[in-house]
Amino acid sequence: MNVCDMTVAALSALLRKREISAVETANAFLARIAERDGLHGAFLTTTADLALRQAARADARLASGENVTLLTGVPFAVKDNICVKGVRTTCGSRILSGYIAPYDAFAARRLLDGGAVLLGKTNMDEFGMGASTTHSAFQITRNPADPDRIPGGSSGGSAAAVAAGEAAFALGSDTGGSVRQPAAFCGAVGLKPTYGAVSRRGLVAFASSLDQIGPLTRCVGDAALVFDAIAGHDDGDATSARRRLPPLADAVGREVSGMRAGLPRELLGDGIDPQIREAVRNAARRLASLGVRVEETSLPALTQTLGAYYVISSAEASSNLARYDGVRYGRRAENCPDAASLYVRSRSEGFGDEVKRRILLGTFVLSAGFRDAYYQRAVAARARVRRDFDRAFADFDFLLAPTAPTAAPRFDETPDDPVRVYAGGVCTVPANLAGLPAMSVPFGKTPDGRPAAVQLIGPAFGEEVLIAAGHALEQEAKA
């Protein structure tokens, strides 16, 4: 088997046995990128020279046997809104087209300190605002399972890189489903950790109360390995959780008999493609055959999540993106006669249509006379969503639901109406509003051959349950 098609665990074992070198491995992945990425468009920036230097250092560590981790020598990619010192970080936007990050994101630094090898930065919807990776200012990304279909977004570049074997794993960010939905469309595993489990320092902010960094991998076991490497408290992030996180890798293969799983009716009704609904029902039957007690349940507040999410996330985006004004940060328009025109032109030329739409919405809901009518009502709806999840997890260990209402559509099937596009997040945004861990796991294919997936949602810091149940489902899907 080509090393580019191996799991992280299998590749790590070869590297630690020194049956292959880290330099050879990096060269194999760089060759795969050169061979395939012209079609897929997963990468915005490749860091070949840096990768080979890091790989040489990894080989020295592997030879000495000191300071070796399970990720030493393993090549990975990073979504282009996660900072890596000295590497261009654009967030898929013209307004940051020339920005070179002056420091490493906490999660990226954890991986680099552990000896992982950075291949480059992946494409994304601008500032994470989109679900197709067609809202990048630089290029579109295509789904490796079918280049005529979207890879999902906004972490579509990371998902495509993993699915195409152009990276052993990748980091993405998830504000309303941006790790899980592209993972589902591309046939990868996508884990959104509990809010605060992974530091957000160095993640360029979209919506600060919702954003979370998470891994995209080939299998559930690899997601556990990467999470273990990037999770943990960071004094530089005020929202970073101060708690000990047990190793997720220990949950791989754990017995699931006796667990309780809930099927939320609100996420299985109208608007869910019958093929996806059947994949979830089939997953429920497989779990039941393993001794999991599966029952339908109701979380009524989930019907309010889309409205609440788009009000809150747009309000936070309006605030966070105010700094990109051509003075403090970002692209600076030329030949402006005064400060007002500089500000207007820099932002008008630098931001794409989707980002402008959300900034306008966010500014409106925060404006005088409308804050109570929109923003405060959204915050109250968020509290109701959290209470419904709390009640559900008093009865269930995890919830089973679709990741997305459909499998990956073709580019020409993607709706132009933003409201219809926003509705595609109905299954993923609840976990972000409540700050809960959730994971997308591939589960079979649709009749026309597209990857199908299911989503597992757990209680806060319940990633262990998701890994155990997700691994069990993964094995059932292979049977």
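Structure: above.
What you see is a predicted model; the values in this text were computed from it and never measured.

### Digging into the nonpolar core
F169, L171, F398, L400 and M439 are the most contacted members of the largest nonpolar core, which has 88 residues in total. The element that contributes the greatest number of residues to this core is helix α7 (residues 220-230), accounting for seven residues. Excluding anything up to four places from it in sequence, M439 contacts R180, V189, G190, L191, V220, V454, Q455, L456, L466, I467 and G470. In this structure, F206, A315, V355 and Y375 belong to the second largest nonpolar core, which totals 30 residues.

### Things to note about the side chain of D125
On the secondary structure map, D125 appears in the loop between β3 (117-122) and α5 (156-163). One buried charged residue, D125, remains without a salt bridge, the closest side chain of opposite sign being K79 at 7.4 Å. Within the structure, the side chain of D125 is placed 2.8 Å from the backbone nitrogen of T133, a separation counted as a polar contact. The contacts of D125, once residues within four sequence positions are left out, are C91, G130, A131, S132, T133, T134, H135, S136, G153 and S154.

### A few points about helix α12 (residues 371-395)
Between its terminal C-alpha atoms α12 stretches 36 Å, which fits the 36 Å expected from 25 residues at 1.5 Å a residue. Within α12, burial applies to Y375, A378, A381, R382, V385, D388, F389, A392 and F393. Buried residues along α12 sit in contact with α9 (305-320), α11 (353-366), β9 (398-402), α14 (429-434) and β11 (451-457).

### A look at the environment of G232
Mapped onto the elements, G232 comes out in the loop between α7 and β7 (260-264). In this structure, the C-alpha to C-alpha distance between G232 and R149, residues 83 residues apart in sequence, is 36 Å. In contact with G232, not counting residues within four places along its chain, are F106, R110, A197, S240 and L245.

### Let's talk about the sheet that holds strand β10 (residues 438-445)
Strand-to-strand pairing in sheets goes through backbone hydrogen bonds, with the strands running parallel or antiparallel. What the 11 strands build is an open sheet, ordered β1-β3-β2-β4-β6-β5-β10-β11-β9-β7-β8; its pairing is mixed. The open sheet has two free edges, formed respectively by β1 (43-46) and β8 (293-297), since each of these has just one partner strand. The average angle at which neighbouring strand axes cross in this sheet is 25 degrees, direction not considered. Sheet topology places strand β5 (residues 189-192) next to β10; three bridges connect them, and they run antiparallel. Residue K192 lies in a different strand from β10, and its bridge partner there is A438. In the packing of helix α3 (residues 48-64) onto the sheet, the strands contacted are β1 and β3, and the crossing angle to β3 comes to about 155 degrees. Against the sheet, α12 contacts β7, β8, β9 and β11, and its axis sits at roughly 115 degrees relative to β9.

### Observations regarding a nonpolar patch on the surface
A grouping of L361, F364, F370 and Y374 is seen on the molecular surface, where their side chains present a nonpolar patch of about 320 Å² in accessible area. Mapped onto the secondary structure, Y374 falls in helix α12.

### Describing unusual backbone geometry
Working note: non-glycine residues mostly have negative phi, and peptide bonds are mostly trans. Omega for the bond connecting G153 with S154 falls within 30 degrees of zero, at 10 degrees, which places this linkage in the cis form. Tracing the sequence through the fold places S154 in the loop between β3 and α5. Its identity is not glycine, yet C91 carries a phi of approximately 55 degrees, on the positive side. Locating C91 in the fold gives a position in the loop between β2 (75-79) and α4 (106-113). For C91, a relative accessible area of 0% corresponds to the buried category. Positive phi, normally seen in glycine, also occurs at F127, with a value near 55 degrees. Mapped onto the fold, F127 is located in the loop between β3 and α5. Residue F127 is classed as buried on the basis of its relative accessible area, which comes to 3%.

### Examining the packing of α9 against α11
Remark: α9 packs on α11, axes separated minimally by 7 Å, with the N-to-C direction vectors making an angle of 100 degrees. The angle between α9 and α11 falls in the class roughly perpendicular. Where α9 abuts α11, its residues Y310, V311, S314, A315 and S318 lie against R358, I359, L361, G362, T363, V365 and L366. The class makeup of the residues in the contact of α9 with α11 is seven nonpolar, four polar and one charged.

Each value, and the rule that gives it
- Residues numbered from 1 in each chain as written.
- Predicted model: local features only at pLDDT ≥ 70, side-chain atom pairs only at ≥ 80, totals over all residues.
- Heavy atoms only, no water.
- Core = buried A, V, L, I, M, F, W, Y, C linked by side-chain atoms within 4.5 Å.
- Buried < 20%, exposed > 50% of the residue type's maximum accessible area, 1.4 Å probe, protein only.
- Helix = DSSP H or I, 4+ residues; strand = E, 2+ residues; numbered from the N terminus.
- Contact = heavy atoms within 4.5 Å.
- Lys, Arg positive; Asp, Glu negative; His and termini not counted.
- Salt bridge = Lys/Arg side-chain N within 4 Å of Asp/Glu carboxyl O.
- Polar contact = N/O pair within 3.5 Å; in protein donor to acceptor, adjacent residues only side chain to side chain.
- Expected span 1.5 Å × (residues − 1).
- Pairing = 2+ DSSP bridges.
- Axes fitted to C-alpha atoms, helices over the stretch in contact; angles between N-to-C directions.
- Patch = residues over 30% accessible without salt bridge, like charges linked within 9 Å, V, L, I, M, F, W, Y side chains within 5 Å.
- Areas by Shrake-Rupley, 256 points an atom, 1.4 Å probe, with all protein chains shown as cover.
- Parallel < 35°, antiparallel > 145°, perpendicular 65-115°, else oblique.
- Nonpolar A, V, L, I, M, F, W, Y, C, P; charged D, E, K, R; others polar.

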